[in-house]
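Here is what each chain is made of, one letter per residue.
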Amino acid sequence: MQKKLTARLIGLTAISLILNAALVPTFAAVKAIPKSAPVKPLIPKAESLSRAQVTNTAFEGWRKDAPKMAAPRPFNLPDIVSYKLDNGLEVQLVEDHRYPFISATLGFRDGSANEPKDMLGLADMTADLLTEGTTTRKSKEIASEIDFIGGGLAASTDYDYTILSGSALSPYTDRLFDVLSDVLLHPSFPENELTLKKVNQIQALTIKRGNPDFLVEERFNKVLFGEHPYSVISATEESLNKITRKDIEAYHKAHYQPNHSVFVVVGDFDPTKMRALIDSKFGAQWKASDVPLAVQPEMPKQTGRRIYLVDRPGSVQTSLKVGNVGVKRSDPDYFAMVVMNQILGGAAHARLFLNIREAKGFTYGAYSRMSARKQPGTFFAGANVRTEVTNPSLQEFLYELDRMRTTKVTDAELKSAQNYLAGSFQLGLETQSGLAQRLLEAKLYDLPDDFLKTYAEKVTAVKVDDVRAAARKLIDSNNIVVAAVGDAKKIKSDLELFGPVTVYDAQGKLSSISEPKDIGVVK
């Protein structure tokens, strides 16, 4: 022990001598600062500065001029090769050799809006289970293969479409397509996975019932769309428990059809080999069939202004959503409406945010959203505000909505919105998955072939008068829906100043707080 200690001391001494020899010349070269010339600090002490000096110091001269936003750059859409297989599958290929990666996405012109009314959640459950096992692979084997090839695999569904996507390092393209075609054409929908999904979704639904954002969206959509499928934002416990494995198999067989879908591949590949690979995996073995389409009921007409309040006793906030039925994705005034919405509440520099948050301090953020779909979607403005400012907050929302209809926006507002929209859209096309998503969007909504190429041009072509005309078409201020979630005992009387109030509980049932005359309204 003594010998080891001695050896360590000798080693440390040697290191110390080496460092000393290296540093002494350096320190010797540094001249001492005379005591008669004290060094002034780069930044003066805080107590010696006035507020004006702090904000105008030379060190922050760059703050005097706000940065100017550059004009949108010209966008050059990559070459797209489009063709169709004999079974009706539409294919789009985009080569991207910047890095060795590939993204493949299948989009189906079918979503939850086309599922049976008595089996809500069937479309979503089918998509969820699609990647959880096949006739030859178990769930863990699929996950292990995707991890090995350095990619991802996912399936999801929306109201109007369903997406199956996969990605991988390009040397493993063949293996990626093996997995994609297997989960698409030979899913096993394991019973144990179905049971687990049901349990998880029911538990998640229970948690959502305590979330005011979920409750306000549920009530808003139910009032807006009535019996139309767009009114459904979640399955129920009863509908989930009804779903069986046979139901899922039947839905998959009927709705996952090649003649009703689009396949987009973006990445590092040889086009000749890719066409042969697609044909071998998604060609002859995938037989076409007609897809059953449900007849959709008409949306209810909202007349006048009514307030629908979900009682959440003890809540310190009120969740507000104000709006009406919007427009279809194919509406000719779509671009003017996108610009209008951006000015109204599309970002932190928009009117709603600057008014309700910055000027009034009622909320952390106030925004507006426009959701255009195959059928008219939603338009709304909303925020979570403090309970005590529920009344003035709603007043400001209604004021800003009417102001968009009655007054012209400024040239500065218009230019800022156009630059933001054009720039963010082009930025979203920089990734393979982003480009694939946009290409699918254009196909699934039957948009023009030049939609992506001309997006920025159409946004920047919107004029001031177009914005006001779009607001008058999109915002129906005379027949508007107000949904709120909060403590009914504290805010019901404040909300009644704006119109009749109907109160519901968190389960979506009419509350005893509602007046008898409210019975019979949309449930």
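All figures in this text were calculated on a predicted structure; none of them were measured in a lab.

**Regarding the nonpolar core**
Next, step 1: Of all hydrophobic cores here, the largest spans 70 residues; its most connected members are Val339, Met340, Phe397 and Val467.
Next, step 2: Ranked by residue count, the leading element in this core is helix H11 (residues 334-345), at nine residues.
Next, step 3: Ignoring sequence-local partners within four residues, the contact set of Val467 consists of Val339, Met340, Ile343, Met404, Val409, Leu414 and Val462.
Next, step 4: Of all hydrophobic cores here, the second largest spans 46 residues; its members include Leu85, Leu89, Leu106 and Leu122.

**Some details on the packing of aromatic side chains**
Next, step 1: One pass over the structure, following the stated rule, counts 18 aromatic pairs.
Next, step 2: Seen in terms of ring centroids, Phe177 and Phe282 are 6.0 Å apart; in terms of plane orientation they differ by 70°. Their pairing is edge-to-face. Separated by 105 residues along the polypeptide, Phe177 in helix H5 (residues 173-185) and Phe282 in helix H10 (residues 271-282) bring together distant segments of the chain. Both residues of the pair, Phe177 and Phe282, belong to the buried class.
Next, step 3: Each ring, one from Phe335 and one from Tyr455, has its centre 5.5 Å from the other, and the planes form 65°; the classification is edge-to-face. Placement of Phe335 in helix H11 and of Tyr455 in helix H16 (residues 451-460) is noted, with a sequence separation of 120 residues between them. In this structure, Phe335 and Tyr455 share a single accessibility class: buried.
Next, step 4: By the ring-pair criterion, three or more aromatic residues cluster together here, those being Phe108, Phe177, Tyr256, Phe263, Phe282 and Trp286.

**Side note on the packing of helix H14 (residues 411-427) against H16**
Next, step 1: The interhelical angle for the contact between H14 and H16, taken along N-to-C directions, is 165°, at an axis separation of 8 Å. Taken as axis vectors, H14 and H16 run roughly antiparallel relative to one another. Between H14 and H16 the crossing geometry is left-handed. Residue-level contacts link Gln418, Leu421, Ala422, Phe425 and Gln426 of H14 to Phe451, Leu452, Tyr455, Ala456, Val459 and Thr460 of H16.
Next, step 2: Tallied by class, the residues present in the contact of H14 with H16 amount to eight nonpolar, three polar and no charged.

**Here we look at the pairing of strand E4 (residues 152-157)**
Next, step 1: Both E4 and strand E5 (residues 162-169) contribute to a ladder of six bridges, which runs antiparallel. Bridging from a neighbouring strand, Gly152 pairs with Ser167 of E5.

**Focus on the packing of H5 against H10**
Two packed helices can be described by the angle between their axes and the distance between those axes.
Next, step 1: Packing of H5 against H10 leaves a shortest axis separation of 10 Å and a crossing angle of 25°. The orientation of H5 with respect to H10, classified from their angle, is roughly parallel. For H5 against H10, the interelement crossing comes out right-handed. Residues Thr173, Asp174, Phe177, Asp178, Leu180, Ser181, Leu184 and Leu185 of H5 touch H10, and the partners they reach there are Met274, Leu277, Ile278, Lys281 and Phe282.

**Here we look at the confidence of the model for the protein chain**
If pLDDT is low for a region, its predicted coordinates should not be looked at in detail.
Next, step 1: When pLDDT is averaged along the protein chain, the result is 88; 85% of the residues meet or exceed 70.
Next, step 2: For residues 22-33, every residue scores under 50 in pLDDT, and the model assigns this stretch one contact once sequence neighbours within four places are set aside.

**Observations concerning the sheet that holds strand E12 (residues 501-504)**
Next, step 1: Pairing in this open sheet of six strands is mixed, and the strands run E9-E10-E8-E11-E7-E12 from one edge to the other. Both edges of this open sheet fall to strand E9 (363-371) and E12, since each of them pairs with a single strand only. Sheet twist, expressed as the average angle between the axes of neighbouring strands with direction ignored, equals 15°.
Next, step 2: Both E9 and strand E10 (residues 378-386) contribute to a ladder of seven bridges, which runs antiparallel. Across the sheet, Tyr367 pairs through a bridge with Gly382, a residue of E10.
Next, step 3: Running at roughly 155° to E9, helix H12 (residues 351-359) makes contact with E9 and E10 of the sheet.

Calculation notes
Residues numbered from 1 in each chain as written. Predicted model: local features only at pLDDT ≥ 70, side-chain atom pairs only at ≥ 80, totals over all residues. Heavy atoms only, no water. Core = buried A, V, L, I, M, F, W, Y, C linked by side-chain atoms within 4.5 Å. Buried < 20%, exposed > 50% of the residue type's maximum accessible area, 1.4 Å probe, protein only. Helix = DSSP H or I, 4+ residues; strand = E, 2+ residues; numbered from the N terminus. Contact = heavy atoms within 4.5 Å. Phe/Tyr/Trp six-rings, centres within 6.5 Å; stacked < 30°, edge-to-face > 60°. Axes fitted to C-alpha atoms, helices over the stretch in contact; angles between N-to-C directions. Parallel < 35°, antiparallel > 145°, perpendicular 65-115°, else oblique. Left-handed = near helix turned anticlockwise from the far one by under 90°. Nonpolar A, V, L, I, M, F, W, Y, C, P; charged D, E, K, R; others polar. Pairing = 2+ DSSP bridges. pLDDT = per-residue confidence, 0-100.

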